[in-house]
Amino acid sequence: MPVARSLETAEEISDIAFGFMGSKALFSALHVDLFSLLSEKTLTPQQVAEESELDLDRATTLLTALTSLGLVRREGAGFTNSPAAEAFLVKGRKYDFGDYLRFQIDKQMYPFMTQLNDALTDSLEDDQVASYETWFSDPEEARLYSRSQHAGSLGPGRGLAKLVDLSAAKQLLDVGGGTGAFSISLCKAYPGLRSTVLDFPNVAKVGEEFIAEEGLQDRIRYAPGNALKDTWPDSADAVLMSYLFSGVPGTAIPGLVRKAFEVLTPGGDFMVHDFMVDENRDGPKLAALWQLQHTAFNPEARSITSSYVAGLMEAAGFTDIAVEVMIPGMTMLVHGRKPE
Ligand SMILES: Nc1ncnc2c1ncn2[C@@H]1O[C@H](CSCC[C@H]([NH3+])C(=O)O)[C@@H](O)[C@H]1O
């Protein structure tokens, strides 16, 4: 097991303390679409200023900051993209995730971190967001978040389809299923599968559009509601909870596992996908930080490990429990079966 690095110097602390300035430099560059502008060419600060309509001093300061971070490279008197910026931050590139960073991370996650101190000390004001339910009671917030999440979950959904065998399943229940990205990927991989997605009404509205775009409205439907309060569909032969455990109070997690067991038909699969840290709590860094991020807007969240989830599944009666890496360094899958 790798042990997390223990820092020695003030500079290493400064790197962490001022890290937010680097995040914001990246988001601001995306905001003016700088990486698309620099794609496959080298531009001087004057040319960048003209094309992005930024003032010359501000364009120069931003380009300098991005160069110091390695996102942009200086070439003579001009600047061009680093290989990573060219591959992942230019509009229209196959693996471009600029919009996810620009919308979900810059517009929603970054501001949420300003309430982390209050969330940690349990002193959030009544008008601050302290659950997905209050956050998504605003349709615009639900839409902004859910659209970005959709793009980020289609790939992992395809990965999940290969890690589990749902060929015998006819009905999936996707609890906290968001826009149905996982349901879409699983239904495409398993032609005999249908899915019911349980999520808040404002999320369901966004998801219905994506599902219609895929022509899957006959196989994927919504049961809009709160999974912790409202009734669930009676039975399913597969249950998925992807990123649900990080979004509910920690005390609700054991009940969700028991409820999955109750609604599953014998032989049915239960899949939990989420940010999970190592048992020794050394990391991984991004899993640990994403759990902290969730605490900012869901102060009762619990920092979970795969053994914790596996233990709950075993206690509920699941067998054949297995743990797999989904997004390396970030998320894990724990899955098991209800005995025949
Ligand atoms: N109590 C709840 N009831 C229903 N949905 C919830 C609840 N709490 C959080 N969620 C949803 O959980 C989702 C987390 S984002 C993950 C969406 C999807 N499972 C995916 O992996 O792409 C959001 O869509 C929330 O609205």
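Computed from a predicted model, the values in this text were never measured in an experiment.

Within helix α11 (residues 181–189), seven of the nine residues are buried, which leaves the element mostly enclosed by the surrounding structure. Looking only at α11, the buried set comprises A181, F182, S183, I184, S185, L186 and C187.

To continue, consider the nonpolar core. By size, the foremost hydrophobic cluster in this structure holds 40 residues, and its most contacted members are F35, L66 and W135. Mapped by element, the contributors of at least two residues to this core are α2 (19–31), α3 (34–37), α4 (45–52), α5 (56–69), α7 (98–112), α9 (132–135), α10 (139–163) and α14 (285–297). With five residues, the top contributor of residues to this core is α2. The contact partners of W135, leaving out residues within four places of it in the chain, are Q108, M109, F112, V129, E141, Y145 and F297.

With that settled, consider the site of the ligand. Close contacts around the ligand come from 19 residues, with S153, G176, D199, N226 and S242 the closest. Measuring from a nitrogen atom of the ligand, one finds a side-chain N or O atom of N226 at 2.7 Å. Between the ligand and S242 there is a distance of 2.6 Å, counted from an oxygen atom to a side-chain nitrogen or oxygen. A total of 570 Å² of accessible area belongs to the ligand in isolation, and the protein chains cover 98% of it.

Between α10 and helix α12 (residues 201–213), whose axes approach to 8 Å, the crossing angle comes to 45°. The angle between α10 and α12 places the two elements in the oblique class. The way α10 lies across α12 gives a crossing that is right-handed. Facing P139, A142, R143, S146, R147 and H150 of α10, the residues of α12 in contact are N202, V203, V206, E209 and F210. Counted by class, the contact of α10 with α12 contains five nonpolar, three polar and three charged residues.

Turning our attention to the UniProt feature "domain: O-methyltransferase dimerisation" (unreviewed entry) in the chain. What UniProt calls "domain: O-methyltransferase dimerisation" (unreviewed entry) maps, in this numbering, to residues 15–90. Secondary structure across residues 15–90 divides into 63% helix and 11% strand, with the first and last C-alpha atoms of the span separated by 27 Å.

For α10, spanning 25 residues, the distance from its first C-alpha to its last is 34 Å, which sits close to the expected 36 Å at 1.5 Å a residue. At S153, α10 is bent by approximately 35°, the largest bend along its length, and proline P156 sits one to four residues beyond. Buried within α10 we find A142, Y145, S146, S148, Q149, H150, S153, P156, G157, L160 and A161. Two or three places before E140, at the start of α10, stands the capping residue D138, its side-chain oxygen 2.9 Å from that residue's backbone nitrogen.

Going through the model one piece at a time under the given rule, you end up with 16 aromatic pairs. Seen in terms of ring centroids, Y132 and Y145 are 5.9 Å apart; in terms of plane orientation they differ by 75°. Their pairing is edge-to-face. On the criterion of sequence distance, the pair formed by Y132 in helix α9 and Y145 in helix α10 is long-range, its members being 13 residues apart. We note that Y132, like Y145, is buried. Note on F275 and W290: the rings are 5.3 Å apart at their centroids and 10° apart in plane angle, and the pair reads as stacked. Remark: W290 occurs in helix α14 and F275 occurs in strand β7 (residues 264–275); sequence separation between them is 15 residues. W290 carries the same exposure label as F275, and that label is buried. Members of the aromatic cluster, joined through ring pairs, are F112, Y132, W135, F136, Y145 and F297. Sitting above the plane of the Y110 ring, K24 keeps its charged end 5.0 Å from the centroid. Here K338 stacks its cationic end above the ring of F261, 4.6 Å away from the centre of that ring.

Quick notes on the rules
- Residues numbered from 1 in each chain as written.
- Predicted model: local features only at pLDDT ≥ 70, side-chain atom pairs only at ≥ 80, totals over all residues.
- Heavy atoms only, no water.
- Buried < 20%, exposed > 50% of the residue type's maximum accessible area, 1.4 Å probe, protein only.
- Helix = DSSP H or I, 4+ residues; strand = E, 2+ residues; numbered from the N terminus.
- Core = buried A, V, L, I, M, F, W, Y, C linked by side-chain atoms within 4.5 Å.
- Contact = heavy atoms within 4.5 Å.
- Near = heavy atom within 4 Å.
- Polar contact = N/O pair within 3.5 Å; in protein donor to acceptor, adjacent residues only side chain to side chain.
- Areas by Shrake-Rupley, 256 points an atom, 1.4 Å probe, with all protein chains shown as cover.
- Axes fitted to C-alpha atoms, helices over the stretch in contact; angles between N-to-C directions.
- Parallel < 35°, antiparallel > 145°, perpendicular 65-115°, else oblique.
- Left-handed = near helix turned anticlockwise from the far one by under 90°.
- Nonpolar A, V, L, I, M, F, W, Y, C, P; charged D, E, K, R; others polar.
- UniProt positions renumbered as here; feature names shortened; annotations may be inferred.
- Expected span 1.5 Å × (residues − 1).
- Bend = angle between axes of the 7 residues up to and from the residue.
- Phe/Tyr/Trp six-rings, centres within 6.5 Å; stacked < 30°, edge-to-face > 60°.
- Lys NZ or Arg CZ within 6 Å of the ring centre and 35° of its normal.

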